[in-house]
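Given next are the chains, with one letter for each unit.
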Amino acid sequence: MNKVKLGYAEALRVTLETISPLGSDRIALSACADRVLAEDMHAKVNSPSIDASMKDGYAVRSVDIALATPENPVILKVVGMAAAGTPCAQAVTGGTAVRILTGARVPDGADAVLAEEFTTCQGNTLTVVGDAHPGRNILPRGADVATGECVATQGSRLSPGRLGILAAAGFGEVPVYRQPRVTILATGDELVVPGRPLPEGKLYASNLVMLNAWCRRYGMQTRFSILSDTPETIVQRLAEAAADSDAMITSGGAWTGERDFVAEALSALTWQRVFQWIRIGPGKAAGFGLLKGKPIFLLPGGPPSNLTAFLQIALPGLLRLGGHHQTALPQMKVRLDQSVSCRDVDWTEFVYGTFDDDDGQPVFRPLKGSSRLKSLALAQGVIAIPEGVKTLPAGSMIAAQMLF
């Protein structure tokens, strides 16, 4: 594993190929929102378990009322009542009907449910002024879920809708991948934990907060701390993190300067380096490898480089670790408001921006400004100028990753 100076597409590919999902746990559906399913799930039951009425009305034989009109009404005898959970034991035969409520089992002999607005009932005499073809207003047994049907596939993110169908299919708990435990370590004697007094010449560890928030958004368990720029401290803390985490992120110290100690510490710990430089801007000083078999992502310290390397390399890797099939940020097609150009045609350049609406067409407006943090705070999306492309002209239809 000695690949260095990769292009973006290859760096992402080898990252995802190097990482395998964690193990799984069976947990209750009530605790599964947004978790990732670890197995294909096949329905245990039919839903509904009966042929059920979709209307309040009358269960009838369609042939008996085929010619019913307001001018030529048909008279039927009501012989019983069916409600949800309380079926009617009386079968429907020629010239009869059963009063039925929504969700009730359709009684034997009936093949349609006639909505009550087409009827008038006095006592047990039903006057019918409309027809109902076979199957009308009946939800067949197993129409929503059939026994043995695959209702959710391995790798699916468990949305509320998916959880609902799993419940209907007979499951009270399901196997889901473990959520990664991620240790985030920021290096630098100049960094201060947010909320504490800020000495002159220091700055708050905003990258740390931002990375932690992104991991938490996807349900990952996180711990974070700031390390002083001493090789011994960094070596010790990396070794501890490798022992009690599923993955690690370092922020800062990823390059080759005199006080960039992370790479030096990892070499001392005999990590397996996959790459330590990518042809992307911003974020070129990004690295990835394995420490004691655990994925570790080295992110540069500058805010735009830090966020870009995280979003484009580290986050997909962490999502892969958590069992996600879809590891990229959600995207949508947008029209580019103005032309954008890269600094080097052999690189992939990422551009942050905001979205506007132009008569129903999403428009991407690149952000420009001298404040790196303000631009990142305002950004709603990011686009890529692919390797080999110098300029994307205004009006281009492109894919934009969504950051909200």
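Just above, that's the structure.
How each quantity is defined
Residues numbered from 1 in each chain as written. Predicted model: local features only at pLDDT ≥ 70, side-chain atom pairs only at ≥ 80, totals over all residues. Heavy atoms only, no water. 1 Å grid on protein atoms, 1.4 Å probe; cavity = no way out; pocket = protein on both sides within 12 Å on 5 of 7 lines; lining within 4 Å. Points joined across faces, edges and corners; volume = space filled by probe spheres on them. Nonpolar A, V, L, I, M, F, W, Y, C, P; charged D, E, K, R; others polar. Pairing = 2+ DSSP bridges. Helix = DSSP H or I, 4+ residues; strand = E, 2+ residues; numbered from the N terminus. Axes fitted to C-alpha atoms, helices over the stretch in contact; angles between N-to-C directions. Contact = heavy atoms within 4.5 Å. Polar contact = N/O pair within 3.5 Å; in protein donor to acceptor, adjacent residues only side chain to side chain. Parallel < 35°, antiparallel > 145°, perpendicular 65-115°, else oblique. Left-handed = near helix turned anticlockwise from the far one by under 90°. Disulfide = S-S within 2.5 Å.

Asks: Sorry, what's going on with empty space enclosed by the protein here?
Replies: Space left empty within the atom packing is revealed by a probe, the size of a water molecule, rolled over the atoms. In total, this model carries 1 cavity of 30 Å³ or more according to the counting rule given. Considered as a void within the structure, the largest cavity measures approximately 100 Å³ in volume. Classifying every residue of the lining of the largest cavity by side-chain character gives 7 nonpolar, 4 polar and 3 charged.

Asks: Help me understand the sheet that holds strand β14 (residues 181-187), please; the structure alone is not making it clear to me.
Replies: The strands making up a sheet are joined through hydrogen bonds of the backbone, oriented either antiparallel or parallel. With respect to topology, 6 strands assemble into an open sheet ordered β17-β14-β18-β22-β21-β19, the strand pairing being mixed. Two strands close off the open sheet at either side, each with one partner strand: β17 (221-227) and β19 (272-275). For this sheet the average axis-to-axis angle between neighbouring strands, irrespective of direction, equals 20 degrees. Strand direction decides the pairing type here: β19 and strand β21 (residues 287-291), joined by 3 bridges, are antiparallel. Counterpart to Arg-273 in the pairing with β21 is Gly-289. Helix α3 (residues 206-217) contacts β14, β17, β18 (247-251) and β22 (294-299) of the sheet and is inclined by roughly 170 degrees relative to β17.

Asks: Is there a simple way to explain the side chain of Asp-64 in this structure?
Replies: Within the secondary structure layout, Asp-64 lies in the loop between β5 (57-60) and β6 (74-82). Only 2.9 Å separates the side chain of Asp-64 from the side chain of Arg-61, close enough to count as a polar contact. Polar side-chain contacts of Asp-64 include one of 3.0 Å to the backbone nitrogen of Gly-95. In this structure, Asp-64 is in contact with Val-74, Leu-76, Thr-93, Gly-94, Gly-95 and Thr-96, ignoring residues within four places of it in sequence.

Asks: What's the story with the packing of helix α1 (residues 8-18) against helix α6 (residues 303-321) in this structure? I'm lost.
Replies: α6 packs onto α1 with a crossing angle of 25 degrees between their chain directions and a minimal axis gap of 9 Å. Considering their axes alone, α1 and α6 lie roughly parallel with respect to each other. The crossing of α1 and α6 is right-handed. On α6, the residues touching Tyr-8, Ala-11, Leu-12, Thr-15 and Leu-16 of α1 are Gln-312, Ile-313, Pro-316, Gly-317 and Arg-320. Its residues assigned to classes, the contact of α1 with α6 comprises 6 nonpolar, 3 polar and 1 charged.

Asks: Quick question: what am I supposed to make of the packing of α3 against α6 here?
Replies: For any two helices packed against each other, one specifies the crossing angle of their axes together with the interaxial distance. Across the interface, α3 lies against α6 with an axial gap of 11 Å and an inter-helix angle of 25 degrees. As the angle between them shows, α3 and α6 are arranged roughly parallel. Regarding α3 and α6, the two cross each other, and that crossing is right-handed. Residue-level contacts link Asn-207, Met-210, Leu-211, Trp-214 and Cys-215 of α3 to Pro-303, Asn-306, Leu-307, Phe-310, Leu-311, Leu-315 and Leu-318 of α6. Taken together, the residues of the contact of α3 with α6 break down into 10 nonpolar, 2 polar and no charged.

Asks: Just checking my understanding: could you explain the state of the cysteines for this structure?
Replies: Applying the stated criterion across every chain, the model contains 0 disulfides. Note on Cys-32: no disulfide assigned, nearest cysteine sulfur contributed by Cys-150 at a separation of 16 Å.

Asks: Sorry if this is basic, but what is going on with the sheet that holds strand β9 (residues 119-122) here?
Replies: Taken in spatial order, the 6 strands make up an open sheet running β8-β5-β7-β6-β10-β9, and their pairing is mixed. Both outer strands of the open sheet, β8 (112-115) and β9, are each paired with one neighbouring strand and no more. The average undirected angle you get between the axes of adjacent strands in this sheet is 35 degrees. By the bridge criterion, 3 bridges tie β5 to strand β7 (residues 96-100) in an arrangement that is antiparallel. Opposite Ala-59, over in β7, you have Val-98 as the bridge partner.

Asks: So what exactly am I meant to see when it comes to the layout of surface pockets here?
Replies: Its boundaries defined by the atoms lining it, the second largest pocket holds a volume of some 320 Å³. Lining the second largest pocket are 22 residues, with Glu-190, Leu-191, Leu-203, Asn-207 and Gly-301 positioned closest to its centre. Elements that contribute at least two residues to the lining of the second largest pocket include exactly β14, β16 (203-204), α3 and α7 (372-378). For the lining of the second largest pocket, the element with the highest residue contribution is α3, accounting for 3 residues. Looking at the lining of the second largest pocket, its residues break down into 8 nonpolar, 9 polar and 5 charged.

Asks: When you look at the pairing of β6 in this model, what are you seeing that I'm missing?
Replies: Note on strand geometry: in a regular strand, side chains alternate between the two faces of the sheet. Taken together, the 4 bridges between β6 and strand β10 (residues 125-128) define a ladder with antiparallel strand orientation. Bridge pairing links Val-74 to Val-128 in β10. When β6 meets β7, the two strands line up parallel, connected through 4 bridges. Each bridged residue has a counterpart across the sheet, and for Val-78 the counterpart in β7 is Ala-97.

Asks: Sorry, what's going on with unusual backbone geometry here?
Replies: Trans is the prevailing form of peptide bonds, just as negative phi is the prevailing case for residues other than glycine. In this chain, Ser-47 is followed by Pro-48 through a cis amide linkage whose omega measures -5 degrees. Relative to the assigned elements, Pro-48 resides in the loop between β3 (41-42) and β4 (52-53). Here Gly-281 and Pro-282 are connected by a cis peptide whose omega angle stands at -10 degrees. Looking at the element boundaries, Pro-282 is found in the loop between β20 (278-281) and β21. With a phi close to 55 degrees, Thr-270 is a non-glycine residue in the positive phi region. Mapped onto the secondary structure, Thr-270 falls in the loop between α5 (262-268) and β19.

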